[in-house]
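# Structural features, examined
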Amino acid sequence: DEIEFVIGGDGNKRLELEEMVERERLQDKVQFLGSVPHKDVPSVLNRGHIFLNCSLTESFCIALIEAACCGLLPVSTNVGGI
């Protein structure tokens, strides 16, 4: 009951994710932030506990390092490099 997903970014999967959230009735559990200005990234990351890197192609990303530096536990897809 206490899990909340905060999704930052405006990638090409956003509409699909928003439709899935609505279909599964998860509006009270998922917050879409859209594009997050770089200066606001630390405050957004500090709200969380886990950082999910869901990329199927990017094997190593700065966002993962930034999240780890903010104390989040990084979780990534198995694309190599991590």
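This text follows the structure it describes.
Calculation criteria
- Numbering of residues starts from 1 in each chain and follows the order in which that chain's sequence is written.
- In keeping with the predicted nature of the model, local features appear solely for residues at pLDDT of at least 70, side-chain atom pairs appear and are counted solely at 80 or more, and the whole-chain, interface and lining totals rest on all residues.
- Note: side-chain values were computed over all heavy atoms of the structure, leaving out hydrogens and water.
- Partly exposed residues are those whose accessible area sits between 20% and 50% of the maximum for their type, while under 20% is buried and over 50% is exposed, using a 1.4 Å probe and protein chains only.
- For the purposes of this entry, the term helix denotes a DSSP run of H or I that reaches at least four residues, the term strand denotes a run of E that reaches at least two, and both are numbered from the N terminus.
- Two strands qualify as a pair provided that DSSP identifies no fewer than 2 bridges between them.
- Residues count as neighbours in contact if any of their non-hydrogen atoms are within 4.5 Å of one another.
- Whenever a nitrogen or oxygen atom comes within 3.5 Å of another N or O atom, the pair is scored as a polar contact, on the condition that within protein one atom can donate a hydrogen and the other can accept it, and that pairs from neighbouring residues in sequence are kept only if both atoms are in side chains.

Moving on to the pairing of strand 3 (residues 50–53). With burial as the criterion, only one face of strand 3 is covered, namely that bearing Phe 51 and Asn 53; the residues Ile 50 and Leu 52 on the opposite face remain uncovered. Bridge count between strand 3 and strand 4 (residues 73–76): 4 bridges; the pairing is parallel. Across the sheet, the residue bridging to Leu 52 is Val 75, located in strand 4.

This part covers the environment of Ala 67. One can find Ala 67 in helix 3 (residues 62–69). On a C-alpha basis, the gap between Ala 67 and Leu 45 in space is 6.2 Å, while along the polypeptide they are 22 residues apart. Excluding residues that lie within four positions of it along the chain, Ala 67 makes contacts with Leu 45, Phe 51 and Leu 72.

For the rest of this paragraph, the subject is the environment of Ser 43. Along the chain, Ser 43 turns up in helix 2 (residues 41–45). Linking Ser 43 and Glu 4, residues 39 residues apart in sequence, is a C-alpha distance of 16 Å. A polar atom in the side chain of Ser 43 sits 2.9 Å from the backbone oxygen of Asp 40.

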